[in-house]
Amino acid sequence: MTECKPPGVSFETWVHQQIAQAQERGASEGLAGRPLPRRTREQTSYEWALEWARRENGGTEGMLPPGLALRKERDELPGVVAALRSEAAVRALVEDFNDRVAAHWRRPAERADAVPGLADLDALLEHWRATRPPEPDVTEPVAEAPVRRRRWWRRG
């Protein structure tokens, strides 16, 4: 429905015209007589919102204000960092997060929002190093000097 209601036509008449045009195009074929799907139980608006958030955004994180979402992400960084394989990956992750926080600080606030802080790179690197398994000693064993055996025919 992209058309605007023409002036001088009542709203009711205009709606009936739109419905008639849609029926002529066949837009409502197969819809008549089909019942609406029934819910198995009553659903509160909160439950509906949670279901919608999971369906659309993959979770309730999409419903959080941006500052609070960044703060929550900062609190979860130690767990994410522990799974990374290299120190460079940790640095890149923290740098990306801090860039997004700085961009949030520069954005004008529409309403009161939580102000996230920057992630502490040194603390996260220390945590990453602490969670790494000890690296095996890869030094090559020292080759022992060959034992010189004295031959029985050479004495001396």
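Analysis parameters
Residues numbered from 1 in each chain as written. Predicted model: local features only at pLDDT ≥ 70, side-chain atom pairs only at ≥ 80, totals over all residues. Heavy atoms only, no water. Helix = DSSP H or I, 4+ residues; strand = E, 2+ residues; numbered from the N terminus. Buried < 20%, exposed > 50% of the residue type's maximum accessible area, 1.4 Å probe, protein only. Contact = heavy atoms within 4.5 Å. Areas by Shrake-Rupley, 256 points an atom, 1.4 Å probe, with all protein chains shown as cover. Phe/Tyr/Trp six-rings, centres within 6.5 Å; stacked < 30°, edge-to-face > 60°. Salt bridge = Lys/Arg side-chain N within 4 Å of Asp/Glu carboxyl O. Patch = residues over 30% accessible without salt bridge, like charges linked within 9 Å, V, L, I, M, F, W, Y side chains within 5 Å. Axes fitted to C-alpha atoms, helices over the stretch in contact; angles between N-to-C directions. Parallel < 35°, antiparallel > 145°, perpendicular 65-115°, else oblique. Left-handed = near helix turned anticlockwise from the far one by under 90°.

Caption draft 1: Structural view of the overall build of the protein. Helix and strand content of the protein: five helices and zero strands. Helices and strands in the protein line up, N terminus first, as α-α-α-α-α. Counting every position in the protein, which comprises 156 residues, the buried fraction comes to 15%. Pairs at least 24 residues apart make up 54% of the contacts formed inside the protein by residues separated by at least 6 positions. As presented, the protein carries roughly 13,700 Å² of accessible surface, and 54% of it is formed by carbon and sulfur atoms.

Caption draft 2: The arrangement of the packing of aromatic side chains in detail. Across all of its chains, the model carries one aromatic pair by this definition. Between F11 and W14, the ring centres sit 6.1 Å apart and the planes meet at 45°, which makes this aromatic pair tilted. Of this pair, F11 and W14 both sit in helix α1 (residues 11-25), three residues apart, roughly one helical turn. Given the relative accessible area of 56%, F11 is considered exposed.

Caption draft 3: Local environment of the pattern of salt bridges. In this structure the tally under the stated criterion is five salt bridges. For the salt bridge of R74 with D75, the shortest nitrogen-to-oxygen distance reads 3.7 Å. Judged by relative accessible area, which is 24%, R74 ranks as partly exposed. According to the relative accessible area criterion, D75 is exposed, its value standing at 53%. E87 is the partner of R91 in a salt bridge, and the nearest nitrogen-oxygen pair spans 3.0 Å. Highlighted residues: R91 and E87, both in helix α4 (residues 87-106), separated by four residues, approximately one helical turn. Connected through shared salt-bridge partners, E73, D96 and R100 make up one network.

Caption draft 4: Up close: the environment of P78. You can see P78 is positioned in helix α3 (residues 66-82). Accessibility expressed as a relative area gives 30% for P78, which makes it partly exposed. When the C-alpha atoms of P78 and T131 are compared, they prove to be 9.9 Å apart, with 53 residues separating the residues in sequence. Ignoring anything within four residues of it in the chain, the contact list for P78 reads L124 and H127.

Caption draft 5: Seen up close, a nonpolar patch on the surface. Nonpolar side chains collect at one region of the surface, where W105, V115 and L118 lie side by side and expose about 320 Å² of accessible area between them. Along the chain, L118 turns up in the loop between α4 and α5 (121-131).

Caption draft 6: Broad picture of the packing of α3 against α5. The N-to-C vectors of α3 and α5 enclose an angle of 40°; their axes lie 9 Å apart at closest approach. One way to sum up the angle between α3 and α5 is to call them oblique. Remark: the crossing between α3 and α5 carries right-handed chirality. Between α3, through L77, P78, V81 and A82, and α5, the contact on the second element is made entirely by L124, H127, W128 and T131.

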